[in-house]
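Residue-level structure breakdown
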Amino acid sequence: MVFILKATTVIYVTAGGAIIFSVVLYSAFTRQHFIAISVFIPYVDHTSSIGYMLTFVVHALMIVFCCNGYLASDTAFMATVVLIIGYANSLQNEIVNFNHLLTMPKRDEKLISEKMARIGHLHQMVVEFELDAVKHFQGGCLVQILTQAGAVLICIFLGYICGYVQAFSVLVGLCFQITQYCALGTIVTAKNEQITRDIYDIGWNLLQKPQQKMIVFMLHRAQVARDLTVGQMAPLNMVTYVKNEQITADIYDIGWNKLQKPQQQMVAFMLHRAQIARDLTVGQVAPLNMVTYVKVGRRT
């Protein structure tokens, strides 16, 4: 956990510092007033030395605040995912120890009952924590993904049509952000699948009937676990990421440069809509696709 947070901090600090350092280095070598961001202070002449220094300071502060904001939101999101991973691994260890107790030559029924109650309580904690996480982050993930998808479209437009080269560096950062969120969402989905497999691996045939009913309830609850979503519109995972990226790539391959301006605007609208595409879901609980079918078949 500490290593992940430190690595994330280093990435953002390095990225922000690299932008500022590159501007200073380029200006020092070329003796030109180079500006990385096309944002200017009103009534300040950025071509003069003093005006350029003021503009540079404002841009540096913008970069610092931007990096701090992204770092704060990403840290909170990653900390939540790491806790889910920890809960899932703890539950797995408890189940392994529980199965070991069941196969011992001399069984301690009291210890088995206590262990079973502990597993049930731990699983309930995982479920409640995931529900809180999904409820807390569904709005934030929606804003993040929609904002980043719109920013990707703007960067593509600025880079290819307007020739604004700096947009490509922003595009790389946006792709990293989207990939990061979808990858973390995939980890949560994978951990939910792991919990289901672990519960199914409990030696329920060696338990008494009340304990078997508890296992059945836990297994049913694990099979309908809530995954992270983009505002309950689509699952936040790499499947959605790859699928929507393919649709976006197909639309972008349209020869828009050979079209008239109204038609180009239509293609731009289609591209923006494809980046926020909605998938069919089973009551907004799980995506309606072959991946879900295989998961359900594997669990049952």
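Everything below is about the structure shown above.
Here's what I pulled together on the structure shown here. (Residues numbered from 1 in each chain as written. Predicted model: local features only at pLDDT ≥ 70, side-chain atom pairs only at ≥ 80, totals over all residues. Heavy atoms only, no water.)

Focus on helix α2 (residues 49-102)
- With 54 residues, α2 extends 78 Å between its outermost C-alpha atoms, agreeing within 8% with the 80 Å of an ideal straight helix rising 1.5 Å per residue.
- Residue S48 occupies the N-cap position of α2, its side-chain oxygen lying 3.2 Å from the main-chain nitrogen of G51. (Helix = DSSP H or I, 4+ residues; strand = E, 2+ residues; numbered from the N terminus. Expected span 1.5 Å × (residues − 1). Polar contact = N/O pair within 3.5 Å; in protein donor to acceptor, adjacent residues only side chain to side chain.)

What about the side chain of K115?
- Topologically, K115 is positioned in helix α3 (residues 109-161).
- Ignoring any residue separated from it by four or fewer positions in sequence, one finds K115 in contact with E94, N97, F98 and L101. (Contact = heavy atoms within 4.5 Å.)

Considerations on the packing of α2 against α3
- Packing of α2 against α3 leaves a shortest axis separation of 10 Å and a crossing angle of 160 degrees. Regarding the angle of α2 to α3, the classification is roughly antiparallel. The handedness of the crossing between α2 and α3 comes out as left-handed.
- Taken together, the residues of the contact of α2 with α3 break down into 22 nonpolar, 7 polar and 4 charged. (Axes fitted to C-alpha atoms, helices over the stretch in contact; angles between N-to-C directions. Parallel < 35°, antiparallel > 145°, perpendicular 65-115°, else oblique. Left-handed = near helix turned anticlockwise from the far one by under 90°. Nonpolar A, V, L, I, M, F, W, Y, C, P; charged D, E, K, R; others polar.)

Structural notes on the pattern of salt bridges
- Counted under the stated rule, the structure contains 3 salt bridges.
- Across the pair E94 and R118 runs a salt bridge, and its minimum N-O distance is 2.8 Å. Placement of E94 in helix α2 and of R118 in helix α3 is noted, with a sequence separation of 24 residues between them.
- Here R107 ties to E109 by a salt bridge, and the two come within 3.2 Å at their closest N and O atoms. (Salt bridge = Lys/Arg side-chain N within 4 Å of Asp/Glu carboxyl O.)

Describing the packing of α3 against helix α5 (residues 209-223)
- Close contact between α3 and α5 brings their axes to 11 Å; oriented N to C, the two are set at 20 degrees. Relative to α5, the element α3 is oriented roughly parallel. Regarding α3 and α5, the two cross each other, and that crossing is left-handed. Residues I112, S113, M116, A117, I119, G120, H123, V127 and L131 of α3 form the contact with α5, whose participating residues are Q211, M214, I215, M218, R221 and A222.

Structural notes on a nonpolar patch on the surface
- A cluster of nonpolar side chains, namely F21, L25 and F29, defines an oily patch on the protein surface of about 370 Å² accessible area.
- Inspection of the secondary structure puts L25 in helix α1 (residues 2-30). (Patch = residues over 30% accessible without salt bridge, like charges linked within 9 Å, V, L, I, M, F, W, Y side chains within 5 Å. Areas by Shrake-Rupley, 256 points an atom, 1.4 Å probe, with all protein chains shown as cover.)

Examining the environment of G17
- Relative to the helices and strands, G17 resides in helix α1.
- Sequence separation between G17 and A60 is 43 residues, and the spatial gap between their C-alpha atoms is 9.0 Å.

Brief notes about unusual backbone geometry
- You will see that R31, though not glycine, has its phi angle at about 60 degrees, which is positive.
- Position of R31 relative to the elements: it lies in the loop between α1 and α2.
- Assessed through its relative accessible area of 74%, R31 is described here as exposed.
- One non-glycine residue, Y43, adopts positive backbone phi at about 65 degrees.
- Among the secondary structure elements, Y43 is positioned in the loop between α1 and α2. (Buried < 20%, exposed > 50% of the residue type's maximum accessible area, 1.4 Å probe, protein only.)

Let's talk about the side chain of Q194
- Checked against the element boundaries, Q194 lands in helix α4 (residues 166-200).
- Relative accessible area serves as the criterion here: at 10%, Q194 is assigned to the buried category.
- Excluding its chain neighbours within four sequence positions, the residues that come into contact with Q194 are A88, N89 and Q92.

Some details on the nonpolar core
- F77, C141, V152, Y181, L228 and L236 are the most contacted members of the largest nonpolar core, which has 23 residues in total.
- Looking at this core, the elements that each hand over two or more residues are α2, α3 and α4.
- L91, L102, V126 and M218 belong to the second-largest nonpolar core, a separate cluster that totals 19 residues. (Core = buried A, V, L, I, M, F, W, Y, C linked by side-chain atoms within 4.5 Å.)

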